[in-house]
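Chain residues, written in single-letter form:
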Amino acid sequence: MTDTLLEVDHLTVRLRVEGRPRSVLRDVGLRIGPGEAVGLVGESGSGKSMTARAIGRLLPERAAVEGTIRFQGADVAGLTGSDLRRYRSQVAMIFQDPRAHINPVRRIGDFMTEALRTNLGVRSAEAARRAVEMLAQVGIEDGERRLRQYPHQLSGGLLQRVMIAAALLTEPRLLLADEPTTALDVTTQAEVMAILDDLRRELHLGMLFITHDLELAAAICDRTAVMYAGQVVEVSASARLHDDPLHPYTAALTAARPDITRAASRLRAIPGRPLSAFEAPDGQCAFAPRCAHALDACRETAPEMTELDGGLSRCLRAGELRGKLATESESTESESTESEAADA
Amino acid sequence: MPEPVLEVAGLRKEFGELVAVDDVTFTVPAAGSLAIVGESGSGKTTVARMIVGLEHPTRGTITACGNDRSKPTRAARDRRRRGREVQIVFQDPYTSLDPRQTAEQTLSEMIRLHHGWAADRRRARVTELTELVGLDSRQARALPRSLSGGQRQRVAIARALAAEPQVLILDESVAALDVSIQAQVLNLLAEIRDQTGVSYILISHDLAVVRQLTDQAIVMHRGQVVERGATAQVLDDPQHPYTQRLRASVPRPGWKPARRPVAAAATDGEASP
């Protein structure tokens, strides 16, 4: 595979939590090709945002990092000075809460053109012209006026469009989008997603799309990686993630989510609570205590990532359970249909 | 026809020039469940705040269990009675609990306030409530800071139930929870309804959650009710263009998000002062 934009291999990150070094990421691997959208899905504490931060070189200085992150073949950890600045203009980030990532006392124009002016040496007038052009691309017509406004004068949805436009101004090759629509209303989410999707295709931009929403990831991304307790447990083509999961956690997550087309008498809740990465025990499957398919072996061996039907699964029983996990979510459906009939 | 436990008629709320809620009318039957669906600025939370008495209506009436509650009351007795009629669980389990009180203390205080009762009986009821919401004895004696979001939300639900209300308002109460925990809490709410016959008003932007928990739904847009009906019907066959747009905005397999005309979207997105 020479045509890879980003390669993450065996990424393990330890941070000091309450004075002790603890793993927040454990053996994470990811591939993103040019123009490819990869979803990163998981519950809180699973390590999604930490993965994005590691890729963006935004980890705290004292973090202990093992493994490699390569961008267009170059090791990201070794970048310094102008190479690091160049990398940062190639890899752009957008975040969940735009208001937390923009200086409230500076004008939109200042914020948008800063990277162009300081990193790429573009003159102010030219930077402003490009900013207005980019604003038009994200559906903001009156760009000149917007550049003179302050963040508090824009709604959340509008501000997130500004963030997207700003991120794209340096002509990045990879976009790290960390729950960019979670704080937005659903109709605004749909618009922002449409913009992201259009521009990504137009600019042939790779994207790592982080979300807790399996359905959103499945709808937007080519492939999706599912994280649990600091590890990637499944990577699959998004199209089949919902109906044909490879890992019991993915299946359980899908089955736990209420369905907009039918009510179930009870949801298939996953017992217990999601583990944070640093709580996960060594030498066993982190999901085993909550897994309906766990055997003794799952509590005694840490499963490796294994290839399965063109995807990856970190489950000892993945091969054996092949096809059966899908039946599980189907049986939920028939159960709920019955209960609905009973309600009627 | 079962007697409605809650009736809201011609409700209106103005904040200065802004009409946040405009002529909203609905009823909730005993043991029924109503969803109020809408996005930010639709007025759905203002309706909830008026029902519990945190805001006063500019016009209109709110009647719970046959008692009018549209006007503020000074009498502690009346305020407590209102608390036994309607309780609310807020979205954020991190800010809605007293950080210095354990779950047991929170519940015990609520029971003393609303029912009096001797210490023994209070203790027994606290145990009942913590079991009902699935908190173990360690969690029941813990301060909020050492509980997870899902556990805190269980405490908040138990606290609301301690007053033994006829109506429980759930204001985005499961929105901040992880999917696996959200399913547990939704099942818990279904369980509680089966056991106690409490009525729910679910305020939510999440249509799948609405489908799961409610029988009836109203859709609010810019302060007004634009559509109402059985939840299944509103979601499967939305009539109002806004409800249709809302329904079409929900991600699903094969979903292609639609871009609205640029100019309209841009004006629409302007923040209100």
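Residues numbered from 1 in each chain as written. Chains lettered and ligands numbered in written order. Predicted model: local features only at pLDDT ≥ 70, side-chain atom pairs only at ≥ 80, totals over all residues.

**Considerations on the overall build of chain A**
We count it as follows: Secondary structure counts use DSSP, requiring at least four H or I residues in a row for a helix and at least two E residues in a row for a strand, with both numbered from the N terminus. Restricting the calculation to C-alpha atoms gives the radius of gyration, and the globule rule supplies 2.2 Å times the number of residues raised to the power 0.38. Residue burial here comes from a neighbour count, namely the number of other C-beta atoms, placed from the backbone, that lie within 10 Å of the residue's own C-beta, with 20 or more meaning buried, 12 or fewer meaning exposed, and in between meaning partly exposed.
Check the secondary structure of chain A and you find 11 helices and 12 strands. Since a compact globule built from 344 residues should have a radius of gyration of about 20 Å, the 21 Å found for chain A is in line with a globular shape. The principal-axis extents of the C-alpha atoms in chain A amount to approximately 65 × 55 × 40 Å. Counting over 344 residues, chain A shows a buried share of 48%.

**Re the overall build of chain B**
Operational definition: Whether two residues are in contact is decided by their C-beta atoms, placed from the backbone, lying within 7 Å.
When you go through chain B residue by residue, the secondary structure sums to 11 helices and 10 strands. Taken over C-alpha atoms, the radius of gyration comes to 19 Å for chain B, in line with the 19 Å a tight globule of 273 residues would show. C-alpha atoms of chain B, sized along the principal axes, occupy 65 × 45 × 40 Å. Within chain B, contacts between residues at least 6 apart in sequence are counted, and of these 67% link residues at least 24 apart.

**Comments concerning the interface of chain A and chain B**
Heads up, the rule is: Ten residues, namely Ala, Val, Leu, Ile, Met, Phe, Trp, Tyr, Cys and Pro, are considered nonpolar, four, namely Asp, Glu, Lys and Arg, are considered charged, and the remaining ones, Gly among them, are considered polar.
Facing the 43 residues of chain A at the interface are 39 residues of chain B. Of the residues forming the side of chain A that touches chain B, the biggest block, 10 residues, is contributed by helix 7 (residues 186-203) of chain A. Its residues assigned to classes, the side of chain A that touches chain B comprises 21 nonpolar, nine polar and 13 charged.

**Here we look at the packing of helix 6 (residues 156-168) of chain A against helix 7 of chain A**
Residue and element names in this part refer to chain A. The condition is simple: Here an axis means a line fitted to C-alpha atoms, over the contact stretch when the element is a helix, while the angle between two N-to-C directions is reported on a 0 to 180 degree scale. Orientation is classified from the angle alone, with under 35 degrees giving roughly parallel, over 145 giving roughly antiparallel, 65 to 115 giving roughly perpendicular, and any other angle giving oblique. Two helices crossing with the near one rotated counterclockwise from the far one by less than a right angle form a left-handed crossing, whereas a clockwise rotation gives a right-handed crossing.
Viewed as axis vectors pointing N to C, helix 6 and helix 7 meet at an angle of 15°, and their least axial separation amounts to 10 Å. Classified by the interaxial angle, the pair formed by helix 6 and helix 7 is roughly parallel. Relative to helix 7, helix 6 is oriented so that their crossing is right-handed. Across the interface between the two elements, Gly157, Gln160, Arg161, Ile164 and Leu168 from helix 6 touch Thr188, Val192, Ile195, Leu196 and Leu199 from helix 7.

**Examining the environment of Pro180 of chain A**
All names here are of chain A. Within the secondary structure, Pro180 is located in the loop between strand 7 (174-178) and helix 7. Considered as a pair, Pro180 and Leu308 are 128 residues apart in the sequence and their alpha carbons are 31 Å apart. Excluding its chain neighbours within four sequence positions, the residues that come into contact with Pro180 are Ile94, Gln96, Gln160 and Val192.

**Focus: the sheet that holds strand 10 (residues 224-230) of chain B**
Residues and elements named next belong to chain B. The condition that has to hold: Note on pairing: DSSP must find at least two bridges between two strands before they are called paired.
Pairing within the open sheet is mixed, and its six strands lie in the order 6-7-8-3-9-10. Each having just a single partner strand, strand 6 (86-89) and strand 10 make up the two edges of the open sheet. Pairs of neighbouring strands in the sheet enclose a mean axial angle of 20°, with direction left out of account. Two strands pair when backbone bridges link them, and strand 3 (residues 33-37) and strand 8 (residues 199-204) are joined in this way by five bridges, in the parallel orientation. Bridge pairing in strand 8 links Ala35 to Leu202.

**Here's the deal with the packing of helix 3 (residues 103-115) of chain B against helix 4 (residues 119-132) of chain B**
Residue and element names in this part refer to chain B. Their axes nearest at 9 Å, the elements helix 3 and helix 4 cross at an angle of 120°. Between helix 3 and helix 4, the interaxial angle falls into the category oblique. As for how helix 3 packs across helix 4, the hand of that crossing is right-handed. Residues Ala103, Glu104, Leu107, Ser108, Ile111 and Arg112 of helix 3 pack against Arg122, Arg125, Val126, Leu129 and Thr130 of helix 4.

**Considering the nonpolar core**
Going by this rule: In this usage, the nonpolar core is the set of buried Ala, Val, Leu, Ile, Met, Phe, Trp, Tyr and Cys residues whose C-beta atoms join them within 7 Å.
If you look at the biggest cluster of nonpolar residues, it comprises 174 residues, and the most contacted ones within it are Ala165, Leu208 and Phe209 of chain A together with Ile169 and Ile201 of chain B. Examining the composition of this core, we find that nine residues originate from one element, helix 6 of chain A, more than from any other.

**Some thoughts on helix 7 of chain A**
Residues and elements named next belong to chain A. Note the following rule: How far a helix is expected to stretch is found by multiplying one less than its residue total by 1.5 Å.
In this model, helix 7 (18 residues) spans 25 Å end to end at C-alpha, consistent with the 26 Å of a helix rising 1.5 Å per residue. Turning to helix 7, its buried residues are Thr187, Thr188, Gln189, Ala190, Glu191, Val192, Met193, Ile195, Leu196 and Arg200. Immediately beyond the C-terminal end of helix 7, within one or two residues, lies His204, with a positive phi of roughly 55°.

**Section: the sheet that holds strand 2 (residues 18-29) of chain B**
All names here are of chain B. Ordered by their spatial adjacency, four strands build an open sheet running 2-1-4-5, and the pairing between neighbours is antiparallel. If you trace the sheet from one side to the other, it starts and ends with strand 2 and strand 5 (67-68), each paired once. As judged from the five bridges shared by strand 1 (residues 4-15) and strand 4 (residues 59-64), these two strands associate in the antiparallel manner. Looking at the pairing, Ala9 lines up with Thr61 of strand 4.

**Concerning the pairing of strand 8 (residues 206-211) of chain A**
All names here are of chain A. Keep this limit in mind: The path from the first strand over the helix to the second decides the hand: if it runs clockwise while the strands point away from the viewer, the crossover is right-handed.
In terms of burial, strand 8 is a largely internal element, six of the six residues being buried. Residues Gly206, Leu208 and Ile210 of strand 8 are buried on one face, and the alternating residues Met207, Phe209 and Thr211, pointing to the opposite face, are buried as well. In this structure, strand 7 lies alongside strand 8, joined through five bridges in parallel fashion. By the bridge assignment, Ala177 is partnered in strand 8 with Phe209. The parallel pair strand 7 and strand 8, bridged by helix 7, forms a crossover whose chirality is right-handed.

**With respect to the pairing of strand 2 of chain B**
All names here are of chain B. Here strand 1 runs beside strand 2; their pairing, made up of eight bridges, is antiparallel. Across the sheet, the residue bridging to Leu11 is Val24, located in strand 2. Taken together, strand 1 and the strand that follows it, strand 2, pair antiparallel across an intervening segment of two residues, in which Gly16 is found at a positive phi of about 60°.

**Here we look at unusual backbone geometry**
Leaving glycine out, the prevailing phi sign among residues is negative, and the prevailing peptide bond configuration is trans. For Asp27 of chain A, which is not glycine, the phi dihedral falls at a positive 55°. Assignment of secondary structure puts Asp27 of chain A in strand 2 (residues 20-32). With 18 C-beta atoms packed within 10 Å, Asp27 of chain A lands in the partly exposed category. Even without being glycine, Glu172 of chain B reaches a positive phi, approximately 50°. Positionally, Glu172 of chain B belongs in the loop between strand 7 (167-171) and helix 7 (179-196).

**Examining the environment of Gly73 of chain A**
All names here are of chain A. Mapped onto the elements, Gly73 comes out in the loop between strand 4 (64-71) and strand 5 (74-75). Gly73 gets classed as exposed once you count the C-beta atoms within 10 Å, which come to 9. In the structure, Gly73 is positioned 67 residues away from Leu6 in sequence and 7.8 Å away in space, judged by C-alpha atoms.

**Section: helix 4 (residues 124-137) of chain A**
Residue and element names in this part refer to chain A. Using the following cut-off: Within this analysis, the arc is defined by the directions that extend from the helix axis to the C-beta atoms.
Between its first and last C-alpha atoms helix 4 spans 20 Å; for 14 residues at 1.5 Å apiece the expected length is 20 Å, and the two agree. Restricting attention to buried positions, one finds in helix 4 the residues Ala127, Ala131, Val132, Met134 and Leu135. Axial view of helix 4: buried residues confined to an arc of 165°, hence all on one face. More than 90 degrees from the buried face of helix 4, the exposed residues found are Ala125, Glu126 and Glu133.

**With respect to the confidence of the model for chain B**
Residue and element names in this part refer to chain B. Operational definition: One number per residue, pLDDT, summarises how confident the predictor is, and it ranges from 0 to 100.
Confidence in the prediction for chain B averages 90 pLDDT; 94% of positions are at 70 or higher. Mean pLDDT per element in chain B: helix 11 (residues 262-268) is the minimum at 41, and strand 10 is the maximum at 98. Within the model, pLDDT remains below 50 along residues 262-273, and this stretch shows 16 contacts once partners closer than five positions in the same chain are excluded. Predicted complex, confidence summary: ipTM 0.86, pTM 0.88.

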